[in-house]
Amino acid sequence: MHPRRRIRSLPPGLGFLIAGVVAVVLFLLVMVPVPQNREALVLRMGRPVRVLNGWGDQGAGLAMRWPVLEQVVWVERRQMAVPLDAASVTTSDGQPLVVDAYAAVRVVDPARLYLALGSADHVPELLRPVLASVVQREVGRRSFAGAMALARGEGLAPLRAAFDREARVYGLAVADVRLRRLAMPEGAALEAVYARMSASREADAAAIAAQAHKDAETIRADAQALAARTYAESFGKDPQFYDFYRAMQSYDTTFAQKGSRTAIVLSPDSAYLRQFRGDSSFKPHSGE
C-alpha cells in the first residue's frame, strides 16, 4: 500500500494576496475610470450602446462595463481646433484669393461621430476638407469687397451656420469660425484689383444717379400735371377766387423780388391794383 500523501495548505498570507490580485484584475476589467476632459463611447460587439460623461453631463468617475463584450472608445470633450491653410477661392467678381481659416468644434454626439468616420481620432484632419469646401462656397458667393469684410469679421454668421450644418452630420457642433488671412495669389496686381473695384463702383453710382434723375423728372411732370388739373378745377368751381389767386401770384412775383431795383410806376386806379381795393372784377390777363 502506498502511503497517503499529505495536501499542504497555502499559508494564510499568500491566499489573501492571490485573492486580492484576482479582485484587482476583475475590478480593472469591469470598472472604467472616466476623466473630466474625455467622453467614453461604449461599444458592444462593435455597435455604440451608451456614452459616459457626454457633453452637458457630469458623468466623470468610475463606470461599469461588461468585460470582453464591451469596448471603450475615448473621445475629446474639449473644443478642438480645425485649421485651414492656403485654400484657393475665386470671388463672384472673378478675383482669385488665398484664404487661411480657423474653426473650433466639439463633439456632441460621439456615436454619430464613430458611425460616420469609423474612428474618433484625428477629428481636425478629417474635418479640414469639409471646412475648405464651406469656405470656398461661402466666400466665392461674395465680391472681393464682401470677402474683405469677412476677413474683418463682418457677416461671419452665414459661414459659421453653413459649417455647423455640415459638422452636425458627423456629430460635431461648431463653436466659432474665423478667416485668419485673406490675400491675393503671388503675382496678382493689387492696383488692377482696386482699379476694377473703383470702376465698378463708379458705374453703379452713375446708374443710380441716372435712375434718380429719371424718377425726379417723372415726379416733377406728375406734380405739374396735378397742379394744372387743380387750377382748372378751381377755375370751374369759383372763377373769382381763381382770379384772386392768380393776382396774388402776380403780386408776389412783381413786388417780392429781393435785391431788385426795378421801379414800377402805376396810377392809383390801375386795373392791376384793383385787388388791393377789394375789386373782385380784376382779370389777371387784362393789362393796361
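Scroll up to find the structure this text is about.
Here the structure is a predicted model, which means the values were calculated and not measured.

Participant: Looking at this model, I keep getting lost on the pattern of salt bridges. Mind explaining?
Facilitator: Should their charged atoms come close, side chains of opposite charge can pair. Per the stated rule, a full pass over the model turns up eleven salt bridges. Here Glu-138 and Arg-141 are joined by a salt bridge, their closest N and O atoms 3.2 Å apart. When its relative accessible area of 4% is taken as the criterion, Glu-138 is described as buried. Note that Arg-142 and Glu-138 form a salt bridge whose closest N and O atoms lie 3.8 Å from each other. Among the charged side chains, a network of salt bridges with common partners joins Arg-137, Glu-138, Arg-141 and Arg-142.

Participant: Sorry, what's going on with the sheet that holds strand β2 (residues 38-44) here?
Facilitator: Remark on secondary structure: sheet strands pair via backbone hydrogen bonds, oriented parallel or antiparallel. Strands sit in the order β3-β2-β5 across an open sheet of three strands; the sheet is antiparallel. At either end of the open sheet lies a strand with only one pairing partner, and these are β3 (47-52) and β5 (70-76). Between one strand axis and the next, the sheet turns by 30° as a mean value, whatever way the strands run. With five bridges joining them, β2 and β3 adopt antiparallel strand pairing. Pairing of Leu-41 across the sheet is with Val-51, part of β3.

Participant: When you look at the sheet that holds strand β6 (residues 80-90) in this model, what are you seeing that I'm missing?
Facilitator: Read across the sheet, three strands follow the order β6-β7-β8 without closing on themselves; strand pairing throughout is antiparallel. Each edge of the open sheet carries a strand with a single partner, namely β6 and β8 (172-183). For this sheet, the mean angle separating the axes of adjacent strands, direction not counted, is 20°. Running at roughly 40° to β6, helix α3 (residues 123-140) makes contact with β6, β7 (96-107) and β8 of the sheet.

Parameters at a glance
Each chain has its residues counted from 1, following the order in which its sequence is written. Totals for whole chains, interfaces and linings use all residues, but because this is a predicted model, local features are given only for residues with pLDDT of at least 70 and pairs of side-chain atoms are given and counted only at 80 or more. With hydrogens and water excluded, all non-hydrogen atoms of the structure serve as input to the side-chain values. Any carboxyl oxygen of Asp or Glu that lies within 4 Å of a side-chain nitrogen of Lys or Arg is treated as forming a salt bridge with it. Note on exposure labels: buried denotes an accessible area under 20% of the residue type's maximum, exposed denotes more than 50%, and partly exposed covers the range between, all computed with a 1.4 Å probe on protein chains only. Two strands are said to pair when DSSP picks up at least two bridges between them. In this description a helix means any DSSP run of H or I spanning at least four residues, a strand means any run of E spanning at least two, and both kinds are numbered starting from the N terminus. Every axis in this analysis is a line fitted to C-alpha atoms, fitted for helices over the stretch in contact. Angles between the N-to-C directions lie between 0 and 180 degrees. Note on definitions: a residue-residue contact is assigned when non-hydrogen atoms from the two residues lie within 4.5 Å.

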